[in-house]
Every structure is written in C-alpha cells, then in structure tokens.
Amino acid sequence: MPLDDEAVAEIYREHGPMLRRVVWRATSDANRVEDIVQEVILRVWKQAPEAENLRAYLITTARHLIVDQYRAAGRRPQQAQLVEIAEQDSALDRALDQVLVEEALGRLQANHREIVRCLYYERLTVAETSARVGVPEGTVKSRAYYAVRNLRVILDEMGVTR
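None of the values given here were measured: they were computed from a predicted structure. (Residues numbered from 1 in each chain as written. Predicted model: local features only at pLDDT ≥ 70, side-chain atom pairs only at ≥ 80, totals over all residues. Heavy atoms only, no water.)

## Focus on the overall build of the protein
Here is the rule we go by: Helix and strand definitions follow DSSP, with helices as H or I runs of at least four residues and strands as E runs of at least two, each counted in order from the N terminus. Exposed residues in this analysis have more than 50% of their type's maximum accessible area, buried residues have under 20%, and partly exposed residues fall in between, with area computed by a 1.4 Å probe over protein chains only. To measure how exposed things are, a 1.4 Å probe is used in the Shrake-Rupley method; for residues, cover is taken only from the protein chains shown.
Scanning the protein from terminus to terminus reveals seven helices and zero strands. Walking the protein from its N terminus toward its C terminus, one meets helices and strands in the order α-α-α-α-α-α-α. Looking at the 162 residues of the protein, the share that counts as buried comes to 33%. Of the roughly 10,300 Å² that the protein leaves accessible, carbon and sulfur atoms contribute 50%.

## Some remarks on the nonpolar core
Spelled out, the test is: What is meant by a nonpolar core is a set of buried Ala, Val, Leu, Ile, Met, Phe, Trp, Tyr and Cys residues, joined one to another through side-chain atoms within 4.5 Å.
Grouped together as the largest cluster of nonpolar side chains are 20 residues, with contacts concentrated most on Leu19, Val23, Ile36 and Val40. Put simply, the parts of the chain that give this core at least two residues each are helix 1 (5–27), helix 2 (30–47), helix 3 (54–72) and helix 4 (79–106). Looking at which element gives the most residues to this core, the answer is helix 1, with seven residues. Listed in part, the 10 residues of the second largest apolar core include Leu100, Leu105, Leu108 and Leu151.

## Here we look at the packing of helix 1 against helix 3
To keep things clear, this is the line we draw: For helices, the axis comes from a line fit to the C-alpha atoms of the stretch in contact; other axes are also lines fit to C-alpha atoms, and the angle between any two N-to-C directions lies between 0 and 180 degrees. Here the word oblique covers every angle except those under 35 degrees (roughly parallel), over 145 (roughly antiparallel) and from 65 to 115 (roughly perpendicular). The sense of a crossing depends on the near helix, which, turned anticlockwise from the far helix by less than a right angle, makes the crossing left-handed and, turned clockwise, makes it right-handed. Contact between two residues is taken to exist if any of their heavy atoms lie within 4.5 Å; hydrogens are not considered. Each residue is assigned to one of three groups, with Ala, Val, Leu, Ile, Met, Phe, Trp, Tyr, Cys and Pro labelled nonpolar, Asp, Glu, Lys and Arg labelled charged, and all others, Gly among them, labelled polar.
Running from N to C, helix 1 and helix 3 cross one another at 40 degrees; their axes reach a closest spacing of 10 Å. For the element pair helix 1 / helix 3, the angle class is oblique. Along this stretch, helix 1 crosses helix 3, giving a crossing that reads as right-handed. Across from Ile11, His15, Met18, Leu19, Arg21, Val22, Val23, Ala26 and Thr27 in helix 1, the residues of helix 3 making contact are Leu54, Arg55, Leu58, Ile59, Ala62 and Ile66. In the contact of helix 1 with helix 3, the residues fall into 11 nonpolar, two polar and two charged.

## Digging into the environment of Glu122
In plain terms, the rule: Pairing of N or O atoms within 3.5 Å defines a polar contact, subject to two protein rules: one partner must be a possible hydrogen donor and the other a possible acceptor, and residues neighboring in sequence count only if both atoms are side-chain atoms.
Summarising the element assignment, Glu122 is placed in the loop between helix 5 (110–121) and helix 6 (126–133). For Glu122, the residues in contact, after removing those within four places along its chain, are Arg117 and Arg132. Only 2.3 Å separates the side chain of Glu122 from the side chain of Arg132, close enough to count as a polar contact.

## Regarding helix 3
For the record, the criterion: A helix is expected to span 1.5 Å multiplied by its residue count minus one.
For helix 3, which comprises 19 residues, the first-to-last C-alpha distance of 26 Å matches the rise-based estimate of 27 Å (1.5 Å per residue) to within 8%. When helix 3 is considered as a whole, its buried residues turn out to be Arg55, Leu58, Ile59, Thr61, Ala62, Leu65, Ile66, Val67 and Tyr70.

## Structural notes on the side chain of Thr61
Inspection of the secondary structure assignment puts Thr61 in helix 3. Contact partners of Thr61, with chain neighbours within four places excluded, come to Val40 and Arg43.

## With respect to the pattern of salt bridges
The line we're drawing: Any carboxyl oxygen of Asp or Glu that lies within 4 Å of a side-chain nitrogen of Lys or Arg is treated as forming a salt bridge with it.
Applying the stated criterion across every chain, the model contains seven salt bridges. Salt-bridge contacts for Glu10 lead to Arg13; the nearest nitrogen and oxygen are separated by 3.0 Å. With Glu10 and Arg13 both in helix 1 and three residues apart, this pair spans about one turn of that helix. Classification of Glu10 as partly exposed rests on a relative accessible area of 38%. For the salt bridge of Glu122 with Arg117, the shortest nitrogen-to-oxygen distance reads 2.5 Å. Residue Arg117 is classed as partly exposed on the basis of its relative accessible area, which comes to 34%. One network of salt bridges, with partners in common, ties together Arg55, Glu103 and Arg107.

Given below as structure tokens:
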C-alpha cells in the first residue's frame, strides 16, 4: 500500500540532499542525479518499505538504479569498460561508506567525536591531541577507546556489517 503524500514529502525533504550527494559522487551527471533521486522516492512511495534504516534502504535502492541504468544502456563491456565499472562501483561504495560514517560520527558525544577527528582524520599523535584538546594523554586514550567502541555499536544499529 503506497505511503501518503505527506510522508513521502517528508522523506524527500529529509533524505533528498543526502541522496543527491551520493548519486552525484557515483555518476557526476546532474540529469541522472535528479532522475535517480526521483525514482528512489517514487519506489518508496509505491512500496512503503518497512526498513529498519530508511537511509540505508534509500542508498541501496539508488545504487541498484545506477547499476540498472548502466546495464540498460546496452553496453557490452570490453576490458577497459570492466575497469571503469569496477572503479564506479568502488567510488559508489566509498560514497556510501562516507555517508554512513558521517551519520555514525554525528551520534557520538562531542568530546569523543573531537578525539576521533584529531586521531583518525587529522592523524595527530596522542600527545598532539592532548595538547590541542587540553586533556591529559591518558584521557585521550580512554576517550579514543570508548569512541571506537561506541562507533561499533552505532554502526551495528545502523545495519553496517563490514
């Protein structure tokens, strides 16, 4: 049974920008971006999925549409095209991973998120992070441990298995 128009409009407002970013990273084609985003929202409207994680469902549906469009173009992949397809799949996977990690990091406590940013994104040492954040090195290590542990729990809740 299709969702009502109000629910679909809310899904589009909330998740549309994220879907556009993901599809843009995978295709770099503005026309395809809008077509795919609209098709994803149309499928949600028609199918009314009962997904635990709607965001993951939307991203997966977009990925399937991108692959389907590529196949429907009637291309017979030669060796060079196979490499291109593999690179596109890899780029899409990286984009999806980035969206999921950003969402998971957003759920961490601010002090844990700051430690993760310093240690893992900026590649600062424990001593440099300690100086920047203004806490002892032992606290940096402790927060890093608990931040990573919490990230695992959050990603598990989001349905991320790898």
